[in-house]
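Topology and contacts: notes
What follows is the residue order along each chain.
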Amino acid sequence: MQTNATPVHNDTVPSTSAGPSTVPSDLFSMLSMLLSLSALRDWLKLLLVGGVIETCRRFFFGSWESLVSSFWITVTFDEEDDSYDWILHWLSKNPKWSQARKIEVSTRAFGLASPAVSFGDDEDYSKKLTFLPSLAETYHLWYKKHWMSVSRTQYQASAWSTREKLQFSILSRNHAVLATLLREARAMYQAAQEHMIAVYVSDISGNWRHVASRPKRPLKSIILDPGVKDLLLDDARDFLESKTWYSDRGIPFRRGYLLYGAPGSGKTSIIQGLAGELGLDVYIVSLSRAGLDDTGLSSLISDMPDKCIALMEDIDAAFHQGITRERKEKPKENKDDDDSPDKPRGRDETTSSLSRITLSGLLNALDGIGAQEGRILFATTNHYTALDPALCRPGRMDLHIEFKLASKFQAEELFKCFYMPSKEIEEKAEDSKAGSEEKASGEEKAGDSGYSSRAPSVEGDADLPSSTESATSSAPGDSDRPAHNGNFHKVRGPQLSRRETHDLAARFAEAIPEREFSMAALQGYLMAYKVRPYDAVGRATAWVEQQRAEKQAR
């Protein structure tokens, strides 16, 4: 039997997987070698145990902080916010705060004449010294049976400025105690500011900053033509009470007033009086502020509170050539003309180069989509015809009121405002007169009102020094001194009755021409005779002629 055997070849085929299979084998051997080192095993154990301990520590302290914070209410008040002033004023009235051992002494004011605790014997100093919380100090006090801590810190608001903040931590789970504290602080601040109005201006950063608190001016001290004050006051009150009416009809809840007329006719004065009567703060919008553009203006007006007065004074003079619809490049002038020493370089040239507001941007800020609602806008101008008609239309400037030069009625009322005695002064004058009659002839008795009780002279105040005499001195070189117009308040004048004041006021009004002088000019004239009413009447005609001559000379 024959078998056919196939020869077997032992040729080795090269394997491509032999090379890579050695790599894991080498890594495993390396790890085995490293793990064989006892020091490395100890390090790994330490790392594992330390990681577990740190994780447990973080979990424990995180849970503890969460548990503790659930019993505390923490609130922060920033220096730029009005609530910062409320809390500072509230702290100043807290009896515990007045006994603090670590304090900071400052002369700053926070919206009120003295918001923080002040020294009791510094009434004669213009800036009162106040107590403030020291920086980086924590104070503890009780509020309505709740433990509270207070701290004041300072932080870097930007690369060029720092700000302060107050932080309160109250031991309570109920937010009602915080709401009570805020309402109490706000009510206390408003009570202290009851007879004041706050004035705000925008800073270079585009934020509203409280700059002053002014006393409320009574409307009766503002003398305008009959009906003007009542018209403005009634219209503003009706607007503030008509929010629902505006909302139901889809009308934007805004109101604008344009006051125009001669300078010194009382436009700004009536705005201050209305702000006090309505209890609204005043936000002054300066259209000529350096760096302010359309976007910044829109942001400023949008950031106003719901109820306030926005004031734009001299809106016609905000730009070099009035408000225009688009920015206009200033034409290039001859270099020789620019360098000429005879060329006037006034305020308008500087202002025009800094102003970047267009009429389009102003109109959008006043009644655009992002315009603030609830505010009352007052704009004043001395040149009514210089304004663009688009700015004056209803919806932007709803009510236009002209302020004219002084009438005879205004001149008479202004004289009464200067010299009309109050009821208290009149009663003291009568008592003084009755007492003087019982004494010897020629003896004069001074009343408590600050005036002498002598009988008024029909021909004038001859026994009082005149404005010319008060400026005269025998010392050499007095001729170079500026003329002194008027007398000091300490110079006592005659004590007038109401009937005498009415008679003198009528005579003064007869001497003043109709619609020729502003109320500011008449007030300046009467200030020169503040204790000499008879001279004020007797010299009124000469003053009128002098003013006319000066006007013609100009």
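Placed above this text is the structure.
Inspection of the secondary structure assignment puts Thr-380 in strand E12 (residues 376–381). For Thr-380, a relative accessible area of 2% corresponds to the buried category. The residues touching Thr-380, leaving out its near neighbours within four places in the chain, are Leu-259, Lys-267, Ile-271, Met-312, Glu-313, Asp-314, Ile-315 and Asp-316.

Moving on: the sheet that holds strand E1 (residues 72–78). With respect to topology, 4 strands assemble into an open sheet ordered E1-E6-E5-E4, the strand pairing being antiparallel. The sheet is open, and its two edges are formed by E1 and strand E4 (138–143), each paired on a single side. Going across the sheet, the axis of each strand differs from the next one's by a mean of 25°, ignoring polarity. Across 9 bridges, strand E5 (residues 146–156) lies against strand E6 (residues 162–171) in antiparallel orientation. Considered in E6, the bridge of Gln-154 is made with Glu-164.

A complete count under the given rule lists 20 salt bridges for this structure. Glu-516 is the partner of Arg-548 in a salt bridge, and the nearest nitrogen-oxygen pair spans 2.7 Å. Taken as a pair, Arg-548 in helix H19 (residues 540–553) and Glu-516 in the loop between helix H16 (498–511) and helix H17 (519–527) lie far apart in primary sequence, 32 residues in all. Residue class for Arg-548 comes out partly exposed when judged on its relative accessible area of 31%. Each of the salt bridges in this network shares a partner with another, and the network as a whole consists of Asp-78, Glu-80, Arg-163, Asp-203 and Arg-209.

So, on to helix H7 (residues 267–278). Look at H7: 17 Å from first C-alpha to last across 12 residues, which is about the 16 Å you get at 1.5 Å a residue. Of all the residues in H7, the buried ones are Lys-267, Ile-270, Ile-271, Gly-273, Leu-274, Ala-275, Gly-276 and Leu-278. The positive-phi residue at the C-terminal boundary of H7 is Gly-279, with phi of around 70°.

Next up on the list: the nonpolar core. Ranked by size, the top nonpolar core spans 29 residues in total, and within it Leu-297, Met-312 and Leu-391 carry the most contacts. At the level of secondary structure, the elements contributing two or more residues to this core comprise strand E7 (196–202), helix H8 (294–302), strand E11 (309–312), helix H11 (359–367), E12 and helix H12 (389–392). Considering each element in turn, this core owes the most residues, 5 residues, to H11. Every residue in contact with Leu-297, bar those within four places of it in the chain, is listed here: Val-285, Leu-287, Leu-292, Ile-357, Gly-361, Leu-362 and Ala-365. Counting residues in hydrophobic clusters, the runner-up holds 28 residues, among them Leu-232, Ala-236, Leu-274 and Ile-309.

Within a sheet, neighbouring strands are paired by backbone hydrogen bonds and run either parallel or antiparallel to one another. Here we have 7 strands laid out as an open sheet, ordered E8-E7-E10-E11-E12-E9-E13, and mixed in their pairing. Looking at the sheet topology across the chains shown, the edges are occupied by strand E8 (208–215) and strand E13 (399–403). In this sheet, adjacent strand axes meet at a mean angle of 25° when their direction is disregarded. Here E7 pairs with E8 via 7 bridges, running antiparallel. Residue Ile-197 lies in a different strand from E8, and its bridge partner there is Arg-214. Contacts between helix H5 (residues 228–240) and the sheet are confined to strand E9 (255–261), E12 and E13, with E13 contributing the most and set at about 160° to the helix. Along the sheet face, H7 touches E7, E8, E9, strand E10 (282–284), E11, E12 and E13 and points at about 165° away from the line of E12.

The rules we used
- Residues numbered from 1 in each chain as written.
- Predicted model: local features only at pLDDT ≥ 70, side-chain atom pairs only at ≥ 80, totals over all residues.
- Heavy atoms only, no water.
- Helix = DSSP H or I, 4+ residues; strand = E, 2+ residues; numbered from the N terminus.
- Buried < 20%, exposed > 50% of the residue type's maximum accessible area, 1.4 Å probe, protein only.
- Contact = heavy atoms within 4.5 Å.
- Pairing = 2+ DSSP bridges.
- Axes fitted to C-alpha atoms, helices over the stretch in contact; angles between N-to-C directions.
- Salt bridge = Lys/Arg side-chain N within 4 Å of Asp/Glu carboxyl O.
- Expected span 1.5 Å × (residues − 1).
- Core = buried A, V, L, I, M, F, W, Y, C linked by side-chain atoms within 4.5 Å.

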